[in-house]
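# A structural walkthrough
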Amino acid sequence: LERGLNKYEKNDFKRAINDFTRAIRINPDNIDIYLVRANAKMKCLQLIKAIEDLNLYLKCNSNNINAFLDRGDCYLKCGSKELALKDYKVASSLGSGIGKEKKNNLESLLQKNKKSINSFSKEIDQGTMNPKVYFSRAMAYKKEEGCDYELVINDLNKCIALDPNYEDAYFERYNAKNILSERFSKEEIESDFEKYKSIRFTRINTENRETKIKERY
């Protein structure tokens, strides 16, 4: 354990994790080792594994504010906003000012996103033909907890139908199709990325030509 802590202090996080794992094997009842190993895993961006260690630690230490804050941060970075909010609320209830601030900020963000979806939906219901509105709602859907990527793709499809050269829509649809890869062929997925690259290449070339023309005059 001491060797792991020394390596942690020297920012040698991967080796620290190995030493903490050995320490747990030697002394499995020392629950604090899970906390320091979780911190090392967070430094290595092993967020899911860090959450697993924090879960084990919090089963025995349900009043540790920093552990709730750390797990909340991990959840947030993994895209689980509702779970992050739950941990920030607990930290806030335990008297953490940081927990309260994070809770308030995340609640505000979630409410703002829902308002954005409602606003874009109202414009769409009114018959807008602006592709940007469909693209913006797709991006707002993407930020929602437990995102329904079918809704994202549907809005991106409409955006592209209204503007076949909407560069970012192809890139985002490519990403969404990758997430739902079992529903799309490899050709369908890759075609969006190829279209994105083609439009981007044309745009950059056009911008470069225009810049050169302006420089001449």
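To be clear, the structure that these remarks concern was listed above.
Summarised in this report is the structure supplied together with it.

Scanning the entire structure with this criterion turns up zero disulfides. There is no disulfide at Cys60, and the cysteine sulfur nearest it, in Cys74, is 19 Å away. Unpaired in this structure, Cys78 has its nearest cysteine sulfur neighbour in Cys74, at a distance of 6.6 Å. By relative accessible area, Cys78 is classed as partly exposed at 35%.

The terminal C-alpha atoms of helix 6 (residues 81-93), which comprises 13 residues, lie 18 Å apart, in line with the 18 Å expected from a rise of 1.5 Å per residue. All of the buried residues in helix 6 are Lys81, Ala84, Leu85, Asp87, Tyr88, Ala91 and Ser92. Take helix 6 and look down its axis: the buried residues cluster within an arc of 165°, on one side only. Exposed and facing more than 90 degrees away from the buried side of helix 6 are Lys86 and Ser93. Where helix 6 is buried, its residues meet helix 5 (65-77), helix 7 (97-125) and helix 8 (131-143).

Under the 1.5 Å per step criterion, the end-to-end length of helix 9 (residues 149-162) is 20 Å for 14 residues, consistent within 8% with the ideal 20 Å. Taken as a whole, helix 9 has its buried residues at Tyr149, Val152, Ile153, Asp155, Leu156, Cys159 and Ile160. End-on, the buried residues of helix 9 take up no more than an arc of 165°, which puts them together on one face. Residues of helix 9 that are buried make contact with helix 8 and helix 10 (167-179).

We now examine the nonpolar core. By size, the foremost hydrophobic cluster in this structure holds 29 residues, and its most contacted members are Tyr57, Ala67, Cys74 and Leu106. Every element with two or more residues in this core is listed here: helix 2 (13-26), helix 3 (32-43), helix 4 (47-60), helix 5, helix 6 and helix 7. Apart from the residues within four sequence positions on either side, Leu106 is in contact with Leu76, Lys81, Ala84, Leu85 and Tyr88. Ranked by size, the runner-up nonpolar core spans 26 residues in total, among them Val152, Ile160, Ala169 and Ile199.

Reading guide: rules and limits
Residues numbered from 1 in each chain as written. Predicted model: local features only at pLDDT ≥ 70, side-chain atom pairs only at ≥ 80, totals over all residues. Heavy atoms only, no water. Disulfide = S-S within 2.5 Å. Buried < 20%, exposed > 50% of the residue type's maximum accessible area, 1.4 Å probe, protein only. Helix = DSSP H or I, 4+ residues; strand = E, 2+ residues; numbered from the N terminus. Expected span 1.5 Å × (residues − 1). Arc of directions from axis to C-beta. Contact = heavy atoms within 4.5 Å. Core = buried A, V, L, I, M, F, W, Y, C linked by side-chain atoms within 4.5 Å.

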